[in-house]
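# Residue-level structural notes
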Amino acid sequence: MQARSRNSLFVVGWRLPCRLFRPRPEPGNWRFVHINSNCTTSNCTKRNSHKMMMENGISMEYGDGYMEQEEEWEREGLLDPAWEKQQKKTFTAWCNSHLRKAGTAIDNIEEDFRNGLKLMLLLEVISGETLPKPDRGKMRFHKIANVNKALDFIASKGVHLVSIGAEEIVDGNLKMTLGMIWTIILRFAIQDISVEEMTAKEGLLLWCQRKTAPYKNVNVQNFHLSFKDGLAFCALIHRHRPDLIDYAKLSKDNPLENLNTAFDVAEKYLDIPRMLDPDDLQNTALPDERAVMTYVSSYYHCFSGAQKAETAANRICKVLKVNQENERLMEEYERLASDLLEWIRRTMPWLNSRQADNSLAGVQKKLEEYRTYRRKHKPPRVEQKAKLETNFNTLQTKLRLSNRPAYLPTEGKTVSDISNAWKGLELAEKAFEEWLLAETMRLERLEHLAQKFKHKADAHEDWTRGKEEMLQSQDFRQCKLNELKALKKKHEAFESDLAAHQDRVEQIAAIAQELNTLEYHDCVSVNARCQRICDQWDRLGALTQRRRTALDEAERILEKIDILHLEFAKRAAPFNNWLDGTREDLVDMFIVHTMEEIQGLIQAHDQFKATLGEADKEFNLIVNLVREVESIVKQHQIPGGLENPYTTLTANDMTRKWTDVRQLVPQRDQTLANELRKQQNNEMLRRQFAEKANVVGPWIERQMDAVTAIGMGLQGSLEDQLHRLKEYEQAVYAYKPNIEELEKIHQAVQESMIFENRYTNYTMETLRVGWEQLLTSINRNINEVENQILTRDSKGISQEQLNEFRSSFNHFDKNRTGRLTPEEFKSCLVSLGYSIGKDRQGDMDFQRILAVVDPNSTGYVHFDAFLDFMTRESTDTDTAEQVIDSFRILAADKPYILPDELRRELPPDQAEYCIQRMPPYKGPNGVPGALDYMSFSTALYGETDL
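All of these numbers come straight from a predicted model, not from anything done at the bench. (Residues numbered from 1 in each chain as written. Predicted model: local features only at pLDDT ≥ 70, side-chain atom pairs only at ≥ 80, totals over all residues. Heavy atoms only, no water.)

Secondary structure assignment for the chain yields 33 helices and 7 strands. Of the contacts formed within the chain by residues at least 6 apart in sequence, a portion of 77% connects residues at least 24 apart. Within the structure as shown, the chain displays about 47300 Å² of accessible surface, and the carbon and sulfur contribution to it stands at 50%. (Helix = DSSP H or I, 4+ residues; strand = E, 2+ residues; numbered from the N terminus. Contact = heavy atoms within 4.5 Å. Areas by Shrake-Rupley, 256 points an atom, 1.4 Å probe, with all protein chains shown as cover.)

Along the chain, glutamate 492 turns up in helix α16 (residues 481-500). Distance from glutamate 492 to tyrosine 646, taken between C-alpha atoms, is 7.4 Å for residues 154 residues apart in sequence. Among the polar contacts listed, one links the side chain of glutamate 492 to the side chain of arginine 548, at a separation of 3.4 Å. (Polar contact = N/O pair within 3.5 Å; in protein donor to acceptor, adjacent residues only side chain to side chain.)

Tracing the chain through its elements places glutamate 429 in helix α14 (residues 415-464). A relative accessible area of 0% places glutamate 429 in the buried class. Within the local environment of glutamate 429, its side chain forms a polar contact with the side chain of tyrosine 373, the two groups lying 2.4 Å apart. Excluding residues within four positions of it along the chain, glutamate 429 makes contact with Leu351, Tyr370, Tyr373, Arg374 and Lys378. (Buried < 20%, exposed > 50% of the residue type's maximum accessible area, 1.4 Å probe, protein only.)

Let us look at the environment of isoleucine 144. With respect to the helices, strands and loops of the structure, isoleucine 144 is situated in helix α5 (residues 140-156). Assessed through its relative accessible area of 16%, isoleucine 144 is described here as buried. Sequence separation of isoleucine 144 and aspartate 171 is 27 residues, and the distance between their C-alpha atoms is 9.6 Å. Each residue touching isoleucine 144, except ones within four places of it in the same chain, is listed here: Ala166, Glu167 and Val170.

The next subject is the packing of helix α9 (residues 231-240) against helix α10 (residues 255-269). Between α9 and α10, whose axes approach to 8 Å, the crossing angle comes to 35°. Regarding α9 and α10, the two cross each other, and that crossing is left-handed. Along the contact surface, α9 presents Leu231, Phe233, Cys234 and Ile237, while α10 presents Asn258, Leu259, Ala262, Phe263, Val265 and Ala266. A breakdown of the residues in the contact of α9 with α10 according to their chemical character gives 9 nonpolar, 1 polar and no charged. (Axes fitted to C-alpha atoms, helices over the stretch in contact; angles between N-to-C directions. Left-handed = near helix turned anticlockwise from the far one by under 90°. Nonpolar A, V, L, I, M, F, W, Y, C, P; charged D, E, K, R; others polar.)

A few words now on the pattern of salt bridges. Following the criterion strictly, the structure yields 55 salt bridges and no others. Across the salt bridge formed by glutamate 327 and arginine 917, the nearest N and O atoms sit 3.4 Å from each other. On the criterion of sequence distance, the pair formed by glutamate 327 in helix α12 (residues 289-352) and arginine 917 in helix α32 (residues 908-917) is long-range, its members being 590 residues apart. Taking the relative accessible area as the measure of exposure, arginine 917 reaches 34% and is therefore partly exposed. Among the ionic contacts, a cluster of salt bridges with common partners joins Arg374, Lys378, Glu429, Glu743, Glu765, Arg768 and Glu772. (Salt bridge = Lys/Arg side-chain N within 4 Å of Asp/Glu carboxyl O.)

It is worth spelling out the nonpolar core at this point. The biggest cluster of nonpolar side chains holds 77 residues, and the ones touching the most others in it are Ile184, Phe233 and Tyr299. With 12 residues, helix α7 (residues 174-190) is the largest single contributor of residues to this core. Among the nonpolar cores identified, the runner-up in size contains 50 residues, and Leu767, Trp771, Leu775 and Phe805 belong to it. (Core = buried A, V, L, I, M, F, W, Y, C linked by side-chain atoms within 4.5 Å.)

Outside of glycine, negative phi angles account for most residues, and trans bonds account for most peptide bonds. Residue asparagine 403 is not a glycine yet carries a positive backbone phi of 65°. Inspection of the secondary structure puts asparagine 403 in the loop between α13 (360-401) and α14. Despite not being glycine, aspartate 893 has its phi angle at roughly 65°, a positive value. Relative to the elements of secondary structure, aspartate 893 occurs in the loop between α30 (880-890) and α31 (899-905).

Of all 17 residues in α7, 16 are buried; the element is thus mostly enclosed. You can read the cap of α7 off the contacts: a side-chain oxygen lies 3.1 Å from the backbone nitrogen of lysine 175, and it is on asparagine 173.

What follows concerns the packing of α30 against helix α33 (residues 933-940). Where α30 contacts α33, the axes come no closer than 9 Å and their chain directions differ by 150°. Between α30 and α33, the interaxial angle falls into the category roughly antiparallel. By crossing handedness, the relation of α30 to α33 is classed as right-handed. Only Tyr933, Met934, Phe936, Ser937 and Thr938 of α33 make contact with α30, whose side of the interface consists of Ala880, Val883, Ile884, Phe887 and Arg888. (Parallel < 35°, antiparallel > 145°, perpendicular 65-115°, else oblique.)

Turning our attention to the side chain of threonine 92. With respect to the helices and strands, threonine 92 occurs in helix α2 (residues 81-99). Excluding its chain neighbours within four sequence positions, the residues that come into contact with threonine 92 are Gln87, Ile106, Asp107 and Ile109.

Our focus in this paragraph is the packing of aromatic side chains. For the structure on display, the rule yields 32 aromatic pairs. Plain terms: the ring middles of tryptophan 350 and phenylalanine 432 are 5.2 Å apart, the flat faces sit at 50° to each other, and that makes the pair tilted. Residue tryptophan 350 is found in helix α12, and its partner phenylalanine 432 is found in helix α14; the two are separated by 82 residues along the sequence. You can call phenylalanine 432 buried: its relative accessible area is 0%. Put simply, the rings of Phe223, Phe227, Phe233, Phe263, Tyr295, Tyr299 and Phe303 pair up and form one aromatic cluster. In this structure, lysine 467 packs its charged tip against the face of tryptophan 463, placed 5.0 Å from the ring centre. (Phe/Tyr/Trp six-rings, centres within 6.5 Å; stacked < 30°, edge-to-face > 60°. Lys NZ or Arg CZ within 6 Å of the ring centre and 35° of its normal.)

This paragraph deals with the state of the cysteines. As enumerated under the stated definition, the model contains 0 disulfides in all. Cysteine 534 carries a free sulfur, and the closest cysteine sulfur to it, the one in cysteine 530, is 4.1 Å from it. Take cysteine 914: it sits in no disulfide, and the sulfur closest to it among the cysteines is that of cysteine 317, at 8.3 Å. (Disulfide = S-S within 2.5 Å.)

Further remarks concern the confidence of the model for the chain. Mean pLDDT over the chain stands at 78; residues scoring 70 or higher make up 85%. For residues 1-79, every residue scores under 50 in pLDDT, and the model assigns this stretch 218 contacts once sequence neighbours within four places are set aside. Segment residues 557-561 is flagged for pLDDT under 50; beyond a separation of four residues in sequence, or across chains, it makes 19 contacts in the model. (pLDDT = per-residue confidence, 0-100.)

Okay, the environment of serine 304 next. Looking at the secondary structure, you find serine 304 in helix α12. Residue serine 304 is classed as partly exposed on the basis of its relative accessible area of 26%.

So, in structure tokens, the structure goes:
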């Protein structure tokens, strides 16, 4: 109920629920007084709320209206002796509870106040003020003067007594005396009770109802019947001091025991005297309400201090809980940051390593390890990084909302440090993958060159086998002339053959040199074999020259020559070299990467096949020479004439090689056709990857643009933005199978050794980066919107205000970067009605504001900092002064607090939290163990260096 204005007057009867203090009316002294009908007793609620009743000339007027709602009472109850007895006993005990502070007491309430001295003393004790000096005489007029001084003091406190005169008090009128004491109790013990702006009586009743609500068999509805069984008194004591009463052992069937228990405990431990008699409460059908109210008000005043301490403790608990939660988030951030940075530190040496066994199998193994890393090891770290950034932003938002200083991670673990480390990791990944692909191409070419070297070396060694022995032979010394000439011609043919092999040796040396340049893993054996071939070639040259000299020396005596053998040798040798070279070319291995390359090889092979007709003519000519020789030998019977002294080649050798060449041509056709199909398949893979990449790439870009637009706050309320962002998040995760399908195609592309794709500008690396950036952007925007909702709800700002802040911010954020320069921020504040002068003071004020929204002097103001500043302009939060006032209440106004007081008033964990962090008190009047709660409170809000 809303209290009446203090300057209004409301006339009530005695405002008593009891039926005692009204004397019988005398003739001519009746008058009607309207009594407020809002009562709580069962008797009063049955009556009309606007009943007119007769009253004698005794009444009071209360200017404050603090007891406006009271029960009506019946005239026939005015002389109830039981109520009179209860009031007398209760009021006497109440007066003595205060008079004993002055070292005195009363025995008979109607007698001991007659001279006015103890009445004045009582008023001084309960008010803390000094009354005028009393008259010490014993005459009646002295007593009346003292009582009038007391009544004047009561009137000065806003209570206007009507029809209570000093003469009645001096004459010992019990009813008038009790009425006066009740007036004092109302003014000094009950009036100040205030609960939710109700009247004193209603507030006291509501206080009793709230404190006893959890207790069984207790239902406080009034101040007479509700307290008869004593459980309500016991519940009030147990609620505030559970150590004094075991409420579970009490029974509603033992009212006297309950009452005695409550009164004894209150008197012994709470310093509340026994103002009520248990027998009187039990034997009276309707106990006196004033007596019960007087006694219950003592409970209220006794426990009001505990209520203040509870409130103070609750405030401290709230502040400490926020601080503990913030510290937990800080520790979690430090743990996650350390773990992520340590993982990056361990991974970087592997990515930066360029060591391999220089073999194709070893590099392919490393490539598979890298794919496993991208597929299994990195994705959880991407999620960890996103969670780390989300936790950091949430922590900073909570710190701002709780008026705490911003959190600065330990050195090397800031968000920028993690971002730089992550960027370095991505660069290392890109460089490592490029190195692996380049190394694969290099080693594949090396393997091809090594096989080519082996093939040519084998062919050369086959050709040189026995040549040194032949050149060192002295067989010509046993020959006849014709045989010598044949040997000479044979040697000339060998010299021609040797010159033809010069190109082969040079090719072998060139291949070996290229293998060394490309760092082939088995260069030692290649070099050794090449060196053996070169050394042998030098020896062959020297031996050939030496044999030539010897043959020339013997030519003077050996002149027979066979023109046909010579012609055969001259024609057979180059044709044989052509056959050998052609056979090598037809079986030579090749490697291509594009359709153009394989088509070039096919075209060259077709050109070669076009020359086979001329080769067939040459073959027939050479065979015909042999046949002619055979015919001549057979015709002239020349001994040994079939042996060609000029060459070791025979018609059978030429026929065999020519047959081999003709058989190798279709095999080469098949090999080229197979390679053509392979390149066609590679072309199909290129097109498959390009078609998928050209769909996925633009899709990712569109999603990024949409998420960015939502993040700018341009579409709907924060809840709508959050809903749309989460829809985009679900859509992105639903789209992930397309990325995985693209990864499978990309793996097939790499396994097919495809290193370029002209059908698309997208690479798998760019798509991976775009995908990760999209996930990060969605998570960051969701976190920012959730923080804005948290800011809006905790600060109490409306959606319209938030939209206005966002609209103004976006208006000046021309480039849609999500941040403002200082000049743009200043213009934005002016547009919102913030007054910033153009003089020097205005510049100083703006620099102060800029230091709040950009504490790290980055040169930019982000939206969350802008929103935090605008909301703090119109909201209120806990301050260090409020926390200090709360600790001061717990410390009973001392400048320090003791550990026992903290343990008594706070929960154990938060009490220990304070004890561990509070510095020792170093001020005056300190005691051992005293703690400085003022420094601790200011440190919570970043106002000291504690």
